[in-house]
Amino acid sequence: MKLLQVGPCLICLILLSPLVSSGQCELIKRDIENVRSTAVEVLQLSDTLEVFVSAVGRTKQYRTARSNTRKAQIYSGEILAAAYRAVATVAEARQRAETCGAADVERHLSHAAGSAEKVRDLADQAFGYAKRAYASRSLAGMQTYLKKALTTIREAEVAASAAAFAASEAHFSTSPEVLVAAGKGP
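Residues numbered from 1 in each chain as written. Predicted model: local features only at pLDDT ≥ 70, side-chain atom pairs only at ≥ 80, totals over all residues. Heavy atoms only, no water.

J.: Can you walk me through the nonpolar core in this structure?
T.: What tends to happen in soluble globular proteins is that the nonpolar side chains get buried as a cluster. If you look at the biggest cluster of nonpolar residues, it comprises 27 residues, and the most contacted ones within it are Val 42, Leu 49, Val 53, Ala 72, Ile 79, Val 119 and Leu 146. Put simply, the parts of the chain that give this core at least two residues each are helix H1 (2-58), helix H2 (62-100), helix H3 (103-135) and helix H4 (139-172). Per element, the largest residue contribution to this core is nine residues, and it comes from H4. Beyond its immediate chain neighbours, meaning those up to four positions away, Ala 72 contacts Leu 49, Phe 52, Val 53 and Leu 146. (Core = buried A, V, L, I, M, F, W, Y, C linked by side-chain atoms within 4.5 Å. Buried < 20%, exposed > 50% of the residue type's maximum accessible area, 1.4 Å probe, protein only. Helix = DSSP H or I, 4+ residues; strand = E, 2+ residues; numbered from the N terminus. Contact = heavy atoms within 4.5 Å.)

Printed below as a string of structure tokens:
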């Protein structure tokens, strides 16, 4: 009796499989846009971080420097969180591209993934410097650690730009013709 119930369910799964796969292919575009926008977010947050690091570098008052250092630490943490989101999102997009058989998209996403991972690693390092700066008991210590954080974030900006570019290239590779050619499009 139970075998009779399994048969129709199996047939439904087989018939619905192309629809699910096609939906997965459409989600790639959303994921790619999320990767690109997260990389741009890293760039915007790093600009704000630079403002606070610059303020600390110009001040002569410990209390003002400590307040700005705290803000720099918060922004470096936000950059790190955005970098982790980008890594996770690009991993999902790569998996969907593989499922869809869109090799060109997957290749571009592979470049985006490498860049996103580099951003994450650099952002983690910069966050560590910002934490040390905030823990520092001297103005010179704060300034030194924040300079290191800023230098590291500038390296992360280059990687974030590369991730955004690779995501844009992946997006251009997701034309309906490419997805249809892969056998998974509309």
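Continuing now.
J.: Whenever I open this one, H2 confuses me. Can you help?
T.: The α-helix advances 3.6 residues per turn, and as a result positions three or four apart in sequence lie on the same side. Given a rise of 1.5 Å per residue, 39 residues ought to cover 57 Å, and the 56 Å separating the end C-alpha atoms of H2 matches this to within 8%. Downstream of H2 by one or two residues, Gly 101 has phi in the positive range, about 75 degrees. (Expected span 1.5 Å × (residues − 1).)

J.: Which parts of the structure should I look at to understand the packing of aromatic side chains?
T.: Centre distance and the angle of the planes are the two values used to describe a pair of aromatic rings. If you walk through the whole model with that rule in mind, you get one aromatic pair. With centroids separated by 5.7 Å and ring planes inclined at 20 degrees, the aromatic side chains of Phe 52 and Tyr 75 adopt a geometry described as stacked. Here Phe 52, found in helix H1, pairs with Tyr 75, found in helix H2; they are 23 residues apart in sequence, far enough to count as distant. The class of Phe 52 is buried, set by a relative accessible area of 17%. The aromatic ring of Tyr 134 is capped on one face by Arg 66, whose charged end is 4.1 Å from the ring centroid. Sitting over the face of the ring of Tyr 134, Arg 70 holds its NZ or CZ atom 5.4 Å from the ring centroid. (Phe/Tyr/Trp six-rings, centres within 6.5 Å; stacked < 30°, edge-to-face > 60°. Lys NZ or Arg CZ within 6 Å of the ring centre and 35° of its normal.)

J.: Would you mind showing me how to read empty space enclosed by the protein here?
T.: Any empty space left between the atoms is revealed when a probe the size of a water molecule rolls over them. Applying the stated criterion across every chain yields a total of one cavity of 30 Å³ or more. By volume, the largest cavity is sized at about 50 Å³. Considering the residues around the largest cavity, the lining is formed by Val 35, Ala 39, Val 42, Ala 83, Ala 86, Ala 116, Val 119, Ala 160 and Ala 163. Residue assignment for the lining of the largest cavity shows that the elements contributing at least two residues are H1, H2, H3 and H4. For the lining of the largest cavity, a count of residues per class yields nine nonpolar, no polar and no charged. (1 Å grid on protein atoms, 1.4 Å probe; cavity = no way out; pocket = protein on both sides within 12 Å on 5 of 7 lines; lining within 4 Å. Points joined across faces, edges and corners; volume = space filled by probe spheres on them. Nonpolar A, V, L, I, M, F, W, Y, C, P; charged D, E, K, R; others polar.)

J.: Which parts of the structure should I look at to understand the pattern of salt bridges?
T.: Counted by the stated rule, this structure contains eight salt bridges. Salt-bridge contacts for Arg 36 lead to Glu 33; the nearest nitrogen and oxygen are separated by 2.8 Å. Residue Arg 36 and its partner Glu 33 are both found in helix H1; the two are separated by three residues, about one turn of the helix. A salt bridge links Glu 41 to Arg 85; the shortest N-O distance between them is 2.9 Å. Note that Glu 41 is positioned in helix H1 and Arg 85 in helix H2, a separation of 44 residues in sequence. On the accessibility criterion, Arg 85 (39% relative accessible area) is partly exposed. Beyond isolated ion pairs, a larger network of salt bridges with shared partners links Arg 30, Asp 31, Glu 92 and Arg 96. (Salt bridge = Lys/Arg side-chain N within 4 Å of Asp/Glu carboxyl O.)

These results come straight from atomic positions and should not be treated as a statement about function.
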